[in-house]
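# Chains, contacts and geometry: an overview
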Amino acid sequence: MSFGDVVNAALEAGTDMPVALKCRVIAEAAAALDFAHHAKTEAGAPLELIHRDVSPQNIMVGFDGSVKLIDFGVARAANKLTRTATGIIKGKYAYMSPEQAWGKDLDGRSDLFGLGIVLWEVLALERLFKRENDTATLRAVVGAEIEPPSKKELTVPKALDAIVLKALARDLGARFQTGTEFKKALEAFLTKQRLPATKAHLAGWMQKLFPEEARAQLPAHPEPSSPGERSSPVLKP
């Protein structure tokens, strides 16, 4: 189920996804981006793969607590024979980086900006750059003021603001440089705040929010053996 659908379903149920679990999803998505950004060909040459379409719809959350990044449909690999020309914009405008909105050459830090937008929105529970039309949206991406999410939603710890705003730095040098760096910052926040956010915590919350869907997709647990029965062969001396 997409991250956006999960957050919306929780709100419709009269609750909200815990901040810690939102951070867990983003941390795992950052790890997935890091893997893609550092992928190599069989010969060992860097692919320099850039997703270019990071959004809540392309981050999938499983009932087992897994997180996957999907839809590399507009991704660009540096070693492709046919490359997208500079100046041609692809992706969802409201989740673009400033350099992507300008049609400039991109690297992995552009994806991390998009992931920062997703984090800001799921914390603040409103859109960050989306405006009345595409032109206004692109103008917001490159120049709109970005407020700390804790000012929008009181449940967001102020200690998280610095991480979000670093992900959303328009200056490439001030932004997270790798997905691993982004993930480590979130992990440090969770540890310092002592917030439960393991894969098991995420799985338990997902299964509680979507009990029927989880039962349909997760493998059934075997019935426990009755007293006197053995579930494994008897070991002989």
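Residues numbered from 1 in each chain as written. Predicted model: local features only at pLDDT ≥ 70, side-chain atom pairs only at ≥ 80, totals over all residues. Heavy atoms only, no water.

### As for the overall build of the protein
- Along the protein, the regular secondary structure elements total nine helices and two strands.
- Out of the 237 residues belonging to the protein, those deemed buried represent 45%.
- Within the protein, contacts between residues at least 6 apart in sequence are counted, and of these 65% link residues at least 24 apart.
- With the model as given, the accessible surface of the protein reaches about 13,100 Å², and the carbon-plus-sulfur share is 53%. (Helix = DSSP H or I, 4+ residues; strand = E, 2+ residues; numbered from the N terminus. Buried < 20%, exposed > 50% of the residue type's maximum accessible area, 1.4 Å probe, protein only. Contact = heavy atoms within 4.5 Å. Areas by Shrake-Rupley, 256 points an atom, 1.4 Å probe, with all protein chains shown as cover.)

### Here we look at empty space enclosed by the protein
- All chains considered together, the criterion is met by one cavity of 30 Å³ or more.
- Empty space within the largest cavity amounts to approximately 60 Å³.
- Around the largest cavity sit eleven residues that line it, and Arg 52, Asp 53, Val 54, Tyr 95 and Gln 100 are the ones nearest its centre.
- Counting residues per element, the lining of the largest cavity draws most heavily on helix α4 (residues 108-124), which supplies three residues.
- Its residues placed into classes, the lining of the largest cavity shows three nonpolar, four polar and four charged. (1 Å grid on protein atoms, 1.4 Å probe; cavity = no way out; pocket = protein on both sides within 12 Å on 5 of 7 lines; lining within 4 Å. Points joined across faces, edges and corners; volume = space filled by probe spheres on them. Nonpolar A, V, L, I, M, F, W, Y, C, P; charged D, E, K, R; others polar.)

### Side note on the environment of Lys 151
- Topologically, Lys 151 is positioned in the loop between α5 (134-143) and α6 (161-167).
- Separated by 27 residues in sequence, Lys 151 and Ala 124 have C-alpha atoms that sit 8.1 Å apart.

### A word on the pattern of salt bridges
- Tallied over the entire structure, the rule returns eleven salt bridges.
- A salt bridge links Asp 16 to Lys 22; the nearest nitrogen and oxygen atoms lie 3.2 Å apart.
- One salt bridge connects Glu 121 with Arg 127, and the closest N-O pair in it is separated by 3.2 Å.
- Several salt bridges converge on common partners, so that one network encompasses Arg 24, Glu 28, Lys 183 and Glu 187. (Salt bridge = Lys/Arg side-chain N within 4 Å of Asp/Glu carboxyl O.)

### A word on the confidence of the model for the protein
- Mean pLDDT for the protein: 88, with 84% of residues reaching 70 or above.
- Every residue in residues 81-89 is under pLDDT 50, and counting partners more than four places away or in other chains gives twelve contacts.
- Low pLDDT (under 50) marks residues 222-237, which in the prediction has one contact with non-local residues, meaning those over four places away or in another chain. (pLDDT = per-residue confidence, 0-100.)

### Focus: the nonpolar core
- By size, the foremost hydrophobic cluster in this structure holds 62 residues, and its most contacted members are Phe 3, Leu 160 and Phe 182.
- Residues in contact with Leu 160, not counting those within four places in the same chain, are Val 19, Cys 23, Leu 123, Leu 186 and Phe 189. (Core = buried A, V, L, I, M, F, W, Y, C linked by side-chain atoms within 4.5 Å.)

### Considering the packing of aromatic side chains
- Scanning the entire structure with this criterion turns up three aromatic pairs.
- Both rings, one in Phe 113 and one in Phe 129, keep their centres 6.2 Å apart while their planes meet at 5°; by these two values the pair is stacked. Highlighted residues: Phe 113 in helix α4 and Phe 129 in the loop between α4 and α5, separated in sequence by 16 residues.
- Measuring from centroid to centroid gives 4.7 Å for Phe 176 and Phe 182, while their planes differ by 10°, and the two rings are stacked. (Phe/Tyr/Trp six-rings, centres within 6.5 Å; stacked < 30°, edge-to-face > 60°.)

### Section: unusual backbone geometry
- Here Arg 52, not a glycine, exhibits a phi torsion of approximately 70°, which is positive.
- Despite not being glycine, Arg 194 shows a phi value in the positive range, around 55°.
- In this structure, Arg 194 sits in the loop between α7 (179-193) and α8 (199-209).

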